[in-house]
Amino acid sequence: MVIVMLPACRKENHIERTVKSEMLAAVNALRQSGCACGSTQMPAVKPLRWNDTLALAALAHARDMNANNYFSHISPGGTSPIQRAIMLGYSGKYVTENIAKGYTSIKPLMQAWLQSEEHCKAMMDSAQTAIGAANVNSYWVQEFGH
């Protein structure tokens, strides 16, 4: 009798959602109305435009966090949001990043970011002119640029 044992390969479900329309609409609705970020009242500001390079940077970071099971603005390799965006061809002056984990849709995610003064201010920053965002499994990344 011959017993053959084959190693099992566990392939995790890798779910990437396209968030362009919904995320852009949610952030721009917030920017149009203004809001309170903590104790700071933020006035209405100009809408953002979608930037495909920032979206690619967001997707790469969400994929990396998901694949390597970490949650940080700085990758295990030491790259920052601006460094990751520049490596993909972004030519803006700076990048601000919001990250989140554990949300299944944009509405509760946006509520959570609004509860955080820093995340809220990133979305309301009048210096920002562009956004790119991505979702991989429960990891969410917003990249804002100027």
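This text follows the structure it describes.
Residues numbered from 1 in each chain as written. Predicted model: local features only at pLDDT ≥ 70, side-chain atom pairs only at ≥ 80, totals over all residues. Heavy atoms only, no water.

## Topic: the side chain of E143
So, step 1. Inspection of the secondary structure puts E143 in strand β7 (residues 139–145).
So, step 2. Buried and unpaired, E143 has R84 as its nearest opposite-charge partner, separated by 4.6 Å.
So, step 3. When sequence neighbours within four positions are dropped, the list of residues in contact with E143 reads L54, A57, A58, P81, V95, T96, E97, A130, I131 and G132. (Helix = DSSP H or I, 4+ residues; strand = E, 2+ residues; numbered from the N terminus. Buried < 20%, exposed > 50% of the residue type's maximum accessible area, 1.4 Å probe, protein only. Lys, Arg positive; Asp, Glu negative; His and termini not counted. Salt bridge = Lys/Arg side-chain N within 4 Å of Asp/Glu carboxyl O. Contact = heavy atoms within 4.5 Å.)

## Details of the nonpolar core
So, step 1. If you look at the biggest cluster of nonpolar residues, it comprises 25 residues, and the most contacted ones within it are M23, V27, M110, W113, I131 and W140.
So, step 2. Put simply, the parts of the chain that give this core at least two residues each are α1 (20–33), β2 (35–37), α4 (106–115), α5 (117–124), β6 (130–136) and β7.
So, step 3. Discounting chain neighbours no more than four positions away, the residues touching M23 are I106, L109, M110, W113, I131, A133, W140 and Q142.
So, step 4. With 10 residues, the next largest nonpolar core counts L59, A62, M65 and Y70 among its residues. (Core = buried A, V, L, I, M, F, W, Y, C linked by side-chain atoms within 4.5 Å.)

## Notes on the pattern of salt bridges
So, step 1. The full count for this structure, using the stated rule, is 3 salt bridges.
So, step 2. Of the charged contacts, one joins E16 and R63 as a salt bridge, the two residues approaching to 2.6 Å between their closest N and O atoms. Here E16, found in strand β1 (residues 16–17), pairs with R63, found in helix α2 (residues 52–68); they are 47 residues apart in sequence, far enough to count as distant.
So, step 3. Between R84 and E97 there is a salt bridge; the shortest N-O distance is 2.9 Å. With R84 in helix α3 (residues 81–87) and E97 in strand β5 (residues 95–101), this residue pair connects regions lying 13 residues apart in the sequence. Side by side, R84 and E97 carry an identical accessibility label, which is buried.

## Observations concerning the packing of α1 against α4
So, step 1. At their nearest, the axes of α1 and α4 sit 11 Å apart, and the two run at 40 degrees to each other. In this structure, the crossing between α1 and α4 has a hand that is right-handed. Contacts between α1 and α4 involve E22, M23, A26, V27 and L30 from the former and I106, L109, M110, W113 and L114 from the latter.
So, step 2. Partitioning the contact of α1 with α4 into residue classes produces 9 nonpolar, no polar and 1 charged. (Axes fitted to C-alpha atoms, helices over the stretch in contact; angles between N-to-C directions. Left-handed = near helix turned anticlockwise from the far one by under 90°. Nonpolar A, V, L, I, M, F, W, Y, C, P; charged D, E, K, R; others polar.)

## Overview of the pairing of β6
So, step 1. In terms of burial, β6 is largely enclosed, as 7 of its 7 residues are buried.
So, step 2. Alternating residues of β6 divide into A130, G132, A134 and V136 and I131, A133 and N135, and every residue in both groups is buried.
So, step 3. Across 2 bridges, the pairing between β1 and β6 is antiparallel. Each residue of the ladder has a partner; that of R17, found in β6, is N135.
So, step 4. Relative to β6, strand β4 (residues 49–50) runs parallel, the two being bridged by 2 bridges. If you follow R49 over to β6, its bridge partner there is A130.
So, step 5. In this sheet, β7 lies alongside β6 in antiparallel orientation, the contact comprising 7 bridges. If you follow N135 over to β7, its bridge partner there is W140.
So, step 6. From the end of β6 to the start of β7, which pair antiparallel, there are 2 residues, and N137 there has a positive phi angle of about 50 degrees. (Pairing = 2+ DSSP bridges.)

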